[in-house]
Amino acid sequence: MSIETREKIRAHIKSFPARSSHYSRNQNPNKVYLSEELNVHLMWLLFLKQYENDQYVKYTSGKKHDMKPVVKYKYYSNIFLTEFNTGFGSPRSDTSLKCDQLQQQIENVKSDEELVNQKSNERRLHQSQADNGYTLLRRKSNEALGKNNFDMMTFDFQQNLPLPSLTSSDMFYSRMLWVYNFGVHNCNNGDGYMNIWHEGVAARGSSEVCSCLFKIIRNNTKRSPNLVLFSDGCVGQNKNKTVITFLQFLVENSFYRRIDHYFLYRGHTFLPNDRDFGLIEKRKKLTKATLVSDNVTMIEGSRISQPFVVNTIQTEDILDFKAVAERCMTKSTLKSNSGEKISLNDIHWFSYGQSDETNATHTSSITVDHGGEVWCRYSHNEMEAWKKVKIFKRGVTSISPPTAKYSGSVPIKTAKYQDLMKLFDKGLLNEETKRFYQALTHGNETRATDADDVDDNTVMDYDY
Ligand SMILES: [Zn+2]
(Lines give C-alpha, C1' and ligand atoms only; values in the text may rest on other atoms or scores of the structure.)
Protein backbone atom coordinates (compact mmCIF):
# COMPACT_ATOMS: atom_id res chain seq x y z
CA MET A 1 0.00 0.00 0.00
CA SER A 2 1.31 3.45 -0.90
CA ILE A 3 2.20 6.02 1.72
CA GLU A 4 -0.58 8.26 0.37
CA THR A 5 -3.18 5.53 0.84
CA ARG A 6 -2.03 4.90 4.40
CA GLU A 7 -2.27 8.63 5.08
CA LYS A 8 -5.76 8.68 3.59
CA ILE A 9 -6.87 5.86 5.92
CA ARG A 10 -5.41 7.60 8.96
CA ALA A 11 -7.11 10.87 8.02
CA HIS A 12 -10.39 9.02 7.55
CA ILE A 13 -10.18 7.40 10.99
CA LYS A 14 -9.43 10.79 12.49
CA SER A 15 -12.40 12.37 10.76
CA PHE A 16 -14.80 10.62 13.15
CA PRO A 17 -15.49 12.67 16.26
CA ALA A 18 -13.90 11.02 19.28
CA ARG A 19 -14.55 11.36 22.99
CA SER A 20 -12.43 10.85 26.03
CA SER A 21 -13.48 10.65 29.63
CA HIS A 22 -12.06 11.60 32.98
CA TYR A 23 -12.12 7.93 33.92
CA SER A 24 -10.33 6.64 30.84
CA ARG A 25 -7.76 9.41 31.20
CA ASN A 26 -6.93 8.05 34.65
CA GLN A 27 -6.87 4.43 33.56
CA ASN A 28 -5.57 4.55 30.00
CA PRO A 29 -4.55 8.13 29.27
CA ASN A 30 -4.57 8.03 25.48
CA LYS A 31 -7.62 5.93 24.87
CA VAL A 32 -10.47 7.60 23.00
CA TYR A 33 -13.90 6.36 21.99
CA LEU A 34 -16.02 6.61 18.85
CA SER A 35 -19.80 6.36 18.64
CA GLU A 36 -21.25 3.10 19.95
CA GLU A 37 -23.08 2.81 16.61
CA LEU A 38 -19.78 2.41 14.75
CA ASN A 39 -17.41 -0.54 14.30
CA VAL A 40 -14.28 -1.06 12.19
CA HIS A 41 -16.13 -2.83 9.40
CA LEU A 42 -18.67 -0.04 9.10
CA MET A 43 -15.86 2.54 9.10
CA TRP A 44 -14.19 0.69 6.23
CA LEU A 45 -17.46 0.70 4.27
CA LEU A 46 -17.81 4.43 4.89
CA PHE A 47 -14.24 4.81 3.61
CA LEU A 48 -15.19 2.97 0.41
CA LYS A 49 -18.31 5.10 0.06
CA GLN A 50 -16.11 8.18 0.12
CA TYR A 51 -13.11 7.03 -1.96
CA GLU A 52 -14.14 3.94 -3.93
CA ASN A 53 -17.86 4.39 -4.37
CA ASP A 54 -18.14 1.77 -7.15
CA GLN A 55 -16.88 -0.81 -4.65
CA TYR A 56 -19.29 0.43 -2.00
CA VAL A 57 -22.19 0.10 -4.45
CA LYS A 58 -21.13 -3.48 -5.19
CA TYR A 59 -21.20 -4.23 -1.48
CA THR A 60 -24.64 -2.75 -0.88
CA SER A 61 -26.16 -4.37 -3.98
CA GLY A 62 -25.14 -7.84 -2.85
CA LYS A 63 -22.16 -8.27 -5.21
CA LYS A 64 -19.57 -8.72 -2.49
CA HIS A 65 -17.69 -11.40 -4.45
CA ASP A 66 -17.10 -8.92 -7.33
CA MET A 67 -15.37 -6.41 -5.10
CA LYS A 68 -11.73 -5.51 -5.77
CA PRO A 69 -11.13 -2.51 -3.53
CA VAL A 70 -7.70 -0.87 -3.39
CA VAL A 71 -8.12 -0.63 0.37
CA LYS A 72 -9.15 -4.05 1.61
CA TYR A 73 -10.84 -4.43 5.01
CA LYS A 74 -7.71 -6.14 6.31
CA TYR A 75 -5.55 -3.04 5.50
CA TYR A 76 -7.99 -0.63 7.03
CA SER A 77 -8.46 -2.62 10.23
CA ASN A 78 -4.73 -3.22 10.55
CA ILE A 79 -4.04 0.52 10.67
CA PHE A 80 -6.95 1.06 13.04
CA LEU A 81 -5.78 -1.64 15.44
CA THR A 82 -2.04 -0.99 15.37
CA GLU A 83 -1.87 2.81 15.23
CA PHE A 84 -4.92 3.92 17.20
CA ASN A 85 -5.86 3.44 20.83
CA THR A 86 -9.55 3.72 20.10
CA GLY A 87 -12.64 1.93 21.34
CA PHE A 88 -16.35 2.18 20.70
CA GLY A 89 -19.20 3.12 22.94
CA SER A 90 -19.12 5.00 26.17
CA PRO A 91 -16.10 5.25 28.37
CA ARG A 92 -18.16 4.81 31.51
CA SER A 93 -16.44 3.68 34.65
CA ASP A 94 -18.34 0.45 35.15
CA THR A 95 -15.46 -1.12 36.97
CA SER A 96 -14.18 -0.15 40.35
CA LEU A 97 -11.04 1.99 40.26
CA LYS A 98 -9.90 0.56 43.60
CA CYS A 99 -10.45 -3.05 42.44
CA ASP A 100 -8.55 -2.34 39.23
CA GLN A 101 -5.67 -0.81 41.18
CA LEU A 102 -5.48 -3.67 43.64
CA GLN A 103 -5.60 -6.23 40.83
CA GLN A 104 -2.68 -4.44 39.15
CA GLN A 105 -0.74 -4.31 42.42
CA ILE A 106 -1.28 -8.04 42.97
CA GLU A 107 0.09 -8.76 39.50
CA ASN A 108 3.07 -6.49 40.12
CA VAL A 109 4.13 -8.34 43.30
CA LYS A 110 3.36 -11.85 41.98
CA SER A 111 6.69 -13.28 43.11
CA ASP A 112 6.28 -12.16 46.71
CA GLU A 113 3.78 -14.40 48.41
CA GLU A 114 3.52 -12.27 51.52
CA LEU A 115 2.75 -9.11 49.56
CA VAL A 116 0.22 -10.97 47.42
CA ASN A 117 -1.56 -12.11 50.58
CA GLN A 118 -1.53 -8.63 52.02
CA LYS A 119 -2.99 -7.12 48.85
CA SER A 120 -5.58 -9.89 48.54
CA ASN A 121 -6.75 -9.19 52.07
CA GLU A 122 -7.00 -5.52 51.27
CA ARG A 123 -9.15 -6.40 48.27
CA ARG A 124 -11.42 -8.67 50.32
CA LEU A 125 -11.92 -5.92 52.89
CA HIS A 126 -12.74 -3.38 50.15
CA GLN A 127 -15.23 -5.77 48.52
CA SER A 128 -16.99 -6.54 51.77
CA GLN A 129 -17.24 -2.81 52.57
CA ALA A 130 -18.72 -2.25 49.13
CA ASP A 131 -21.24 -5.05 49.75
CA ASN A 132 -22.19 -3.51 53.10
CA GLY A 133 -23.00 -0.24 51.34
CA TYR A 134 -25.30 -2.01 48.95
CA THR A 135 -27.02 -3.90 51.78
CA LEU A 136 -27.59 -0.59 53.56
CA LEU A 137 -29.16 0.90 50.43
CA ARG A 138 -31.57 -2.04 50.18
CA ARG A 139 -32.47 -1.89 53.88
CA LYS A 140 -33.12 1.87 53.79
CA SER A 141 -35.15 1.57 50.55
CA ASN A 142 -37.36 -1.07 52.16
CA GLU A 143 -37.85 1.13 55.23
CA ALA A 144 -38.71 4.13 53.05
CA LEU A 145 -41.12 2.49 50.61
CA GLY A 146 -44.71 3.50 51.21
CA LYS A 147 -43.86 5.36 54.42
CA ASN A 148 -42.81 8.84 55.35
CA ASN A 149 -40.66 8.43 58.44
CA PHE A 150 -37.95 10.03 56.34
CA ASP A 151 -37.62 11.26 52.75
CA MET A 152 -35.24 9.20 50.65
CA MET A 153 -33.74 9.95 47.25
CA THR A 154 -30.94 8.51 45.15
CA PHE A 155 -29.42 10.41 42.24
CA ASP A 156 -27.06 10.09 39.29
CA PHE A 157 -26.43 11.32 35.75
CA GLN A 158 -27.44 9.17 32.80
CA GLN A 159 -24.94 8.74 29.99
CA ASN A 160 -24.99 11.81 27.77
CA LEU A 161 -27.55 11.64 24.97
CA PRO A 162 -26.19 12.86 21.61
CA LEU A 163 -28.46 15.15 19.60
CA PRO A 164 -29.53 14.72 16.83
CA SER A 165 -29.51 10.92 17.21
CA LEU A 166 -27.87 9.09 14.29
CA THR A 167 -29.95 8.56 11.20
CA SER A 168 -27.57 8.67 8.22
CA SER A 169 -23.92 7.93 7.49
CA ASP A 170 -23.13 11.69 7.42
CA MET A 171 -24.03 11.80 11.10
CA PHE A 172 -21.05 9.56 11.90
CA TYR A 173 -18.65 12.33 10.92
CA SER A 174 -20.42 15.01 12.89
CA ARG A 175 -19.92 16.19 16.46
CA MET A 176 -23.24 16.17 18.30
CA LEU A 177 -24.88 18.36 20.89
CA TRP A 178 -24.72 16.70 24.32
CA VAL A 179 -27.96 16.38 26.24
CA TYR A 180 -27.62 15.73 29.97
CA ASN A 181 -30.14 13.87 32.10
CA PHE A 182 -29.83 14.07 35.87
CA GLY A 183 -32.09 11.44 37.42
CA VAL A 184 -33.49 11.58 40.95
CA HIS A 185 -35.29 8.49 42.26
CA ASN A 186 -37.77 8.94 45.10
CA CYS A 187 -37.56 5.78 47.22
CA ASN A 188 -40.72 6.56 49.20
CA ASN A 189 -43.04 6.18 46.23
CA GLY A 190 -40.87 5.08 43.28
CA ASP A 191 -41.27 8.33 41.34
CA GLY A 192 -38.46 9.19 38.94
CA TYR A 193 -37.62 12.84 38.23
CA MET A 194 -35.60 13.38 35.08
CA ASN A 195 -33.90 16.77 34.80
CA ILE A 196 -32.84 17.39 31.24
CA TRP A 197 -30.87 20.14 29.49
CA HIS A 198 -28.29 20.48 26.72
CA GLU A 199 -24.72 21.72 26.90
CA GLY A 200 -25.69 25.18 25.63
CA VAL A 201 -27.96 25.64 28.67
CA ALA A 202 -25.62 24.69 31.52
CA ALA A 203 -22.66 22.48 32.42
CA ARG A 204 -22.74 19.08 34.11
CA GLY A 205 -21.20 20.04 37.42
CA SER A 206 -21.85 20.17 41.15
CA SER A 207 -23.90 23.42 41.08
CA GLU A 208 -26.22 21.77 38.54
CA VAL A 209 -26.59 18.70 40.81
CA CYS A 210 -27.51 20.92 43.78
CA SER A 211 -29.90 23.12 41.77
CA CYS A 212 -31.87 20.12 40.47
CA LEU A 213 -32.14 18.58 43.94
CA PHE A 214 -33.13 21.94 45.44
CA LYS A 215 -35.96 22.38 42.94
CA ILE A 216 -37.40 18.95 43.79
CA ILE A 217 -37.07 19.51 47.54
CA ARG A 218 -38.67 22.99 47.40
CA ASN A 219 -41.62 21.65 45.43
CA ASN A 220 -42.22 18.81 47.89
CA THR A 221 -44.93 20.15 50.21
CA LYS A 222 -45.06 16.99 52.35
CA ARG A 223 -41.51 16.90 53.58
CA SER A 224 -40.46 14.70 56.51
CA PRO A 225 -38.05 16.14 59.07
CA ASN A 226 -35.27 13.78 57.91
CA LEU A 227 -33.69 13.19 54.53
CA VAL A 228 -31.64 10.19 53.39
CA LEU A 229 -29.58 10.45 50.19
CA PHE A 230 -27.59 7.84 48.30
CA SER A 231 -25.26 8.51 45.38
CA ASP A 232 -22.01 7.13 44.11
CA GLY A 233 -18.92 8.63 45.65
CA CYS A 234 -17.61 10.51 42.66
CA VAL A 235 -15.72 13.46 44.11
CA GLY A 236 -16.29 15.79 41.17
CA GLN A 237 -20.02 15.43 41.04
CA ASN A 238 -21.47 14.34 44.39
CA LYS A 239 -18.82 14.51 47.09
CA ASN A 240 -17.35 17.98 47.26
CA LYS A 241 -17.56 21.30 49.08
CA THR A 242 -20.38 22.51 46.83
CA VAL A 243 -22.69 19.63 47.81
CA ILE A 244 -21.62 19.88 51.48
CA THR A 245 -22.52 23.59 51.47
CA PHE A 246 -25.85 22.92 49.77
CA LEU A 247 -26.94 20.25 52.27
CA GLN A 248 -25.80 22.40 55.20
CA PHE A 249 -27.84 25.24 53.63
CA LEU A 250 -30.94 23.01 53.63
CA VAL A 251 -30.52 22.27 57.35
CA GLU A 252 -29.87 25.91 58.26
CA ASN A 253 -32.99 26.99 56.40
CA SER A 254 -35.15 24.32 58.07
CA PHE A 255 -35.90 22.28 54.96
CA TYR A 256 -34.71 19.32 57.03
CA ARG A 257 -33.65 18.78 60.62
CA ARG A 258 -31.30 15.99 59.71
CA ILE A 259 -29.70 14.79 56.46
CA ASP A 260 -27.65 11.63 55.94
CA HIS A 261 -25.80 11.36 52.64
CA TYR A 262 -24.35 7.89 51.94
CA PHE A 263 -21.85 7.16 49.19
CA LEU A 264 -21.67 3.79 47.52
CA TYR A 265 -18.52 2.34 46.01
CA ARG A 266 -18.04 3.06 42.32
CA GLY A 267 -18.22 -0.08 40.21
CA HIS A 268 -20.08 -1.94 42.97
CA THR A 269 -22.99 0.46 42.85
CA PHE A 270 -26.35 -0.34 41.44
CA LEU A 271 -28.68 2.51 42.27
CA PRO A 272 -32.43 2.51 41.52
CA ASN A 273 -31.46 5.18 38.98
CA ASP A 274 -29.68 2.55 36.89
CA ARG A 275 -32.96 0.69 36.48
CA ASP A 276 -34.70 3.94 35.46
CA PHE A 277 -31.96 4.75 32.94
CA GLY A 278 -32.14 1.20 31.56
CA LEU A 279 -35.77 1.78 30.59
CA ILE A 280 -34.86 5.07 28.91
CA GLU A 281 -31.96 3.46 27.00
CA LYS A 282 -34.30 0.78 25.69
CA ARG A 283 -36.78 3.39 24.48
CA LYS A 284 -33.96 5.49 23.01
CA LYS A 285 -33.11 2.72 20.52
CA LEU A 286 -36.57 3.15 18.98
CA THR A 287 -36.47 6.95 18.86
CA LYS A 288 -35.08 9.50 16.45
CA ALA A 289 -34.42 12.71 18.35
CA THR A 290 -33.57 16.00 16.68
CA LEU A 291 -34.74 18.40 19.41
CA VAL A 292 -34.56 18.26 23.21
CA SER A 293 -38.36 18.03 23.20
CA ASP A 294 -38.03 14.67 21.36
CA ASN A 295 -35.90 13.40 24.25
CA VAL A 296 -38.50 14.67 26.71
CA THR A 297 -41.26 12.75 24.91
CA MET A 298 -39.01 9.69 24.70
CA ILE A 299 -38.29 9.76 28.47
CA GLU A 300 -41.94 10.36 29.35
CA GLY A 301 -42.88 7.30 27.33
CA SER A 302 -40.19 4.99 28.65
CA ARG A 303 -41.98 3.89 31.84
CA ILE A 304 -45.61 3.05 31.31
CA SER A 305 -46.77 2.13 34.82
CA GLN A 306 -45.51 5.25 36.61
CA PRO A 307 -44.27 7.69 33.96
CA PHE A 308 -41.14 9.69 34.78
CA VAL A 309 -41.61 13.34 35.64
CA VAL A 310 -39.46 15.33 33.23
CA ASN A 311 -38.17 18.80 34.18
CA THR A 312 -36.63 20.75 31.32
CA ILE A 313 -33.91 22.78 33.02
CA GLN A 314 -33.29 26.37 31.91
CA THR A 315 -30.09 28.38 32.29
CA GLU A 316 -31.70 30.59 34.97
CA ASP A 317 -32.63 27.52 37.07
CA ILE A 318 -28.99 26.92 37.93
CA LEU A 319 -27.87 28.46 41.21
CA ASP A 320 -24.21 29.01 41.93
CA PHE A 321 -23.80 26.83 45.03
CA LYS A 322 -20.15 26.47 44.13
CA ALA A 323 -19.60 30.21 44.62
CA VAL A 324 -21.45 29.98 47.95
CA ALA A 325 -19.08 27.20 49.01
CA GLU A 326 -16.08 29.35 48.07
CA ARG A 327 -17.43 32.24 50.16
CA CYS A 328 -18.30 30.17 53.23
CA MET A 329 -15.95 27.21 53.43
CA THR A 330 -12.28 26.93 54.09
CA LYS A 331 -10.15 26.51 50.97
CA SER A 332 -7.74 24.09 52.54
CA THR A 333 -8.15 20.37 53.26
CA LEU A 334 -10.92 19.66 55.75
CA LYS A 335 -9.74 18.89 59.28
CA SER A 336 -11.62 17.31 62.16
CA ASN A 337 -11.93 19.07 65.51
CA SER A 338 -9.14 16.87 66.80
CA GLY A 339 -6.81 18.06 64.02
CA GLU A 340 -7.01 14.96 61.82
CA LYS A 341 -6.91 15.63 58.08
CA ILE A 342 -10.06 14.38 56.34
CA SER A 343 -9.63 12.41 53.13
CA LEU A 344 -12.66 13.19 51.00
CA ASN A 345 -12.01 10.07 48.93
CA ASP A 346 -12.44 7.80 51.94
CA ILE A 347 -15.65 9.34 53.28
CA HIS A 348 -18.75 7.18 52.81
CA TRP A 349 -21.20 9.00 55.04
CA PHE A 350 -21.89 12.67 55.72
CA SER A 351 -24.35 13.69 58.41
CA TYR A 352 -25.87 17.18 58.71
CA GLY A 353 -27.85 18.87 61.48
CA GLN A 354 -28.36 15.99 63.85
CA SER A 355 -26.75 12.58 64.38
CA ASP A 356 -26.90 9.63 66.72
CA GLU A 357 -23.81 9.07 68.80
CA THR A 358 -23.06 6.06 70.94
CA ASN A 359 -21.05 6.19 74.12
CA ALA A 360 -17.59 4.63 74.30
CA THR A 361 -18.89 1.20 75.30
CA HIS A 362 -21.65 1.24 72.65
CA THR A 363 -24.25 0.55 75.28
CA SER A 364 -26.46 3.55 74.63
CA SER A 365 -26.92 6.20 72.00
CA ILE A 366 -28.08 9.81 72.10
CA THR A 367 -29.15 12.26 69.41
CA VAL A 368 -26.85 15.26 69.13
CA ASP A 369 -27.56 18.59 67.40
CA HIS A 370 -24.44 19.86 65.63
CA GLY A 371 -25.40 23.02 63.76
CA GLY A 372 -22.12 24.39 62.41
CA GLU A 373 -20.42 21.00 62.10
CA VAL A 374 -20.66 18.31 59.48
CA TRP A 375 -20.01 14.82 60.83
CA CYS A 376 -18.54 12.11 58.69
CA ARG A 377 -17.49 8.48 58.67
CA TYR A 378 -15.16 6.48 56.43
CA SER A 379 -17.57 3.52 56.45
CA HIS A 380 -21.30 2.82 56.72
CA ASN A 381 -20.71 1.33 60.15
CA GLU A 382 -22.66 2.94 63.00
CA MET A 383 -19.95 1.85 65.44
CA GLU A 384 -17.31 4.03 63.79
CA ALA A 385 -16.59 7.22 65.76
CA TRP A 386 -17.77 10.36 63.97
CA LYS A 387 -15.18 12.73 62.56
CA LYS A 388 -16.54 16.17 63.42
CA VAL A 389 -15.68 18.97 61.04
CA LYS A 390 -16.27 22.70 61.43
CA ILE A 391 -16.89 23.69 57.87
CA PHE A 392 -17.12 27.48 57.98
CA LYS A 393 -14.30 29.92 57.44
CA ARG A 394 -13.43 32.15 60.36
CA GLY A 395 -16.01 34.95 60.60
CA VAL A 396 -18.72 33.09 58.68
CA THR A 397 -21.68 32.08 60.81
CA SER A 398 -24.27 31.13 58.23
CA ILE A 399 -24.57 30.28 54.56
CA SER A 400 -25.47 33.12 52.24
CA PRO A 401 -28.20 32.36 49.70
CA PRO A 402 -27.10 31.38 46.19
CA THR A 403 -27.46 33.60 43.12
CA ALA A 404 -27.82 32.61 39.46
CA LYS A 405 -24.75 30.83 38.05
CA TYR A 406 -25.04 32.04 34.46
CA SER A 407 -25.80 35.44 33.01
CA GLY A 408 -26.57 33.96 29.58
CA SER A 409 -26.42 30.73 27.61
CA VAL A 410 -23.25 28.63 27.60
CA PRO A 411 -21.30 28.71 24.28
CA ILE A 412 -20.71 25.36 22.57
CA LYS A 413 -17.47 24.79 20.65
CA THR A 414 -17.34 26.48 17.25
CA ALA A 415 -16.17 23.26 15.52
CA LYS A 416 -19.24 21.48 16.87
CA TYR A 417 -21.51 24.33 15.76
CA GLN A 418 -20.07 24.13 12.25
CA ASP A 419 -20.55 20.36 12.15
CA LEU A 420 -24.19 20.77 13.13
CA MET A 421 -24.72 23.45 10.47
CA LYS A 422 -23.28 21.10 7.84
CA LEU A 423 -26.05 18.62 8.58
CA PHE A 424 -28.52 21.23 7.33
CA ASP A 425 -26.52 21.97 4.21
CA LYS A 426 -26.89 18.29 3.41
CA GLY A 427 -30.63 18.56 3.88
CA LEU A 428 -30.72 16.07 6.74
CA LEU A 429 -32.82 18.17 9.08
CA ASN A 430 -35.85 20.38 8.64
CA GLU A 431 -36.33 24.16 9.05
CA GLU A 432 -37.84 24.06 12.51
CA THR A 433 -34.89 22.04 13.77
CA LYS A 434 -32.50 24.39 11.99
CA ARG A 435 -33.78 27.38 13.94
CA PHE A 436 -33.00 25.65 17.23
CA TYR A 437 -29.42 24.77 16.28
CA GLN A 438 -28.72 28.12 14.60
CA ALA A 439 -29.65 29.91 17.80
CA LEU A 440 -26.96 28.11 19.84
CA THR A 441 -24.19 30.44 20.95
CA HIS A 442 -20.70 29.23 20.18
CA GLY A 443 -17.10 30.23 20.75
CA ASN A 444 -13.65 28.84 21.21
CA GLU A 445 -12.82 30.02 24.72
CA THR A 446 -12.39 27.02 26.98
CA ARG A 447 -15.19 26.70 29.43
CA ALA A 448 -14.41 27.44 33.04
CA THR A 449 -14.65 23.90 34.36
CA ASP A 450 -12.86 23.58 37.63
CA ALA A 451 -11.01 20.34 38.21
CA ASP A 452 -13.44 19.33 40.94
CA ASP A 453 -16.41 19.85 38.66
CA VAL A 454 -15.30 17.05 36.37
CA ASP A 455 -16.80 13.73 37.32
CA ASP A 456 -15.56 10.32 36.24
CA ASN A 457 -18.35 9.86 33.76
CA THR A 458 -17.95 13.20 32.06
CA VAL A 459 -17.52 12.59 28.36
CA MET A 460 -15.58 15.23 26.50
CA ASP A 461 -15.22 15.86 22.82
CA TYR A 462 -11.69 14.97 21.83
CA ASP A 463 -9.65 16.63 19.09
CA TYR A 464 -6.81 14.63 17.58
ZN1 LIG B 1 -13.96 -2.14 44.01
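Naming follows an unreviewed UniProt entry, where the chain appears as DUF7869 domain-containing protein of Elysia crispata.

Trainee: So, the overall build of the chain: which residues are in play, and what are the values?
Mentor: Along the chain, the regular secondary structure elements total 14 helices and 18 strands. For the chain, the C-alpha atoms occupy an extent of roughly 85 × 65 × 45 Å along the three principal directions. Taken over 464 residues, the chain has a buried fraction of 36%. Across the chain, every contact between residues at least 6 apart in sequence was considered, and the portion connecting residues at least 24 apart equals 76%.

Trainee: Could you give an account of unusual backbone geometry, naming the residues involved and the relevant values?
Mentor: Glycine aside, residues mostly have negative phi angles, and peptide bonds mostly take the trans form. Cis peptide bonds are those with omega within 30 degrees of zero, and the linkage from L163 to P164 qualifies with -10 degrees. By the secondary structure assignment, P164 is in the loop between β5 (161-163) and β6 (177-186).

Trainee: Explain the pairing of strand β9 (residues 258-264) residue by residue, including any values.
Mentor: With 6 of its 7 residues buried, β9 lies for the most part within the structure. Pairing between strand β8 (residues 226-232) and β9: 7 bridges, direction parallel. In the sheet register, L227 faces β9, and the bridge partner there is I259. As paired strands, β9 and strand β11 (residues 349-352) are joined by 4 bridges and run antiparallel to one another. Directly across from D260, in β11, lies its bridge partner S351.

Trainee: Describe the UniProt feature "domain: DUF7869" (unreviewed entry) in the chain, listing the residues and the values that go with them.
Mentor: Here, UniProt's "domain: DUF7869" (unreviewed entry) annotation points to residues 203-331. When the span residues 203-331 is considered, its composition is 43% helix and 14% strand, and the gap between its end C-alpha atoms is 23 Å.

Trainee: Explain helix α13 (residues 414-425) residue by residue, including any values.
Mentor: With 12 residues, α13 should cover 16 Å at 1.5 Å per step; its first-to-last C-alpha distance of 17 Å lies within 8% of that length. By the burial criterion, the buried members of α13 are K416, Y417, L420 and L423. Mapping the buried residues of α13 onto a view down its axis gives an arc of 110 degrees, with all of them on the same face. For α13, the exposed residues set more than 90 degrees away from the buried face come down to T414, Q418 and D425. G427, located one to two residues past α13, shows a positive phi value of around 75 degrees.

Trainee: I'd like to hear about the packing of helix α3 (residues 40-51) against helix α4 (residues 53-60), residue by residue, with values.
Mentor: Two elements in contact, α3 and α4, have axes separated by 6 Å at closest approach and are oriented at 130 degrees. On the basis of their axis angle, the class for α3 and α4 is oblique. In contact with L45, L48 and K49 of α3, α4 contributes N53, Q55, Y56 and Y59. Counted by class, the contact of α3 with α4 contains 4 nonpolar, 2 polar and 1 charged residues.

Trainee: Account for the pairing of strand β4 (residues 151-157), naming residues and giving values.
Mentor: For β4, the tally of buried residues reaches 7 of 7 residues, placing the bulk of the element in the interior. Of the pairings in the sheet, the one linking β4 to β8 comprises 4 bridges and is parallel in character. Along β8, the bridge assignment pairs M153 with L229.

Trainee: So what about the domain arrangement of the chain? Which residues, and what values?
Mentor: Assigned domains of the chain: these are domain 1 (3-88) and domain 2 (133-462). The gap between the C-alpha centroids of domain 1 and domain 2 is 36 Å.

Trainee: I'd love a proper account of helix α7 (residues 113-144), names of residues and values included.
Mentor: With 32 residues, α7 should reach 46 Å at 1.5 Å per residue; the first-to-last C-alpha distance of 47 Å fits that figure. Turning to α7, its buried residues number three or more, namely K119, A130, G133, L137 and A144. Looking at the buried residues of α7, the elements they touch are α6 (97-108), β4, β8 and β9. Taken from the residues just after α7, G146 is the one with a positive phi, measuring 75 degrees.

Rules of the game
Residues numbered from 1 in each chain as written. Predicted model: local features only at pLDDT ≥ 70, side-chain atom pairs only at ≥ 80, totals over all residues. Helix = DSSP H or I, 4+ residues; strand = E, 2+ residues; numbered from the N terminus. Buried ≥ 20, exposed ≤ 12 C-beta atoms within 10 Å, placed from the backbone. Contact = placed C-beta atoms within 7 Å. Pairing = 2+ DSSP bridges. UniProt positions renumbered as here; feature names shortened; annotations may be inferred. Expected span 1.5 Å × (residues − 1). Arc of directions from axis to C-beta. Axes fitted to C-alpha atoms, helices over the stretch in contact; angles between N-to-C directions. Parallel < 35°, antiparallel > 145°, perpendicular 65-115°, else oblique. Nonpolar A, V, L, I, M, F, W, Y, C, P; charged D, E, K, R; others polar. Domains from an automatic or database assignment.

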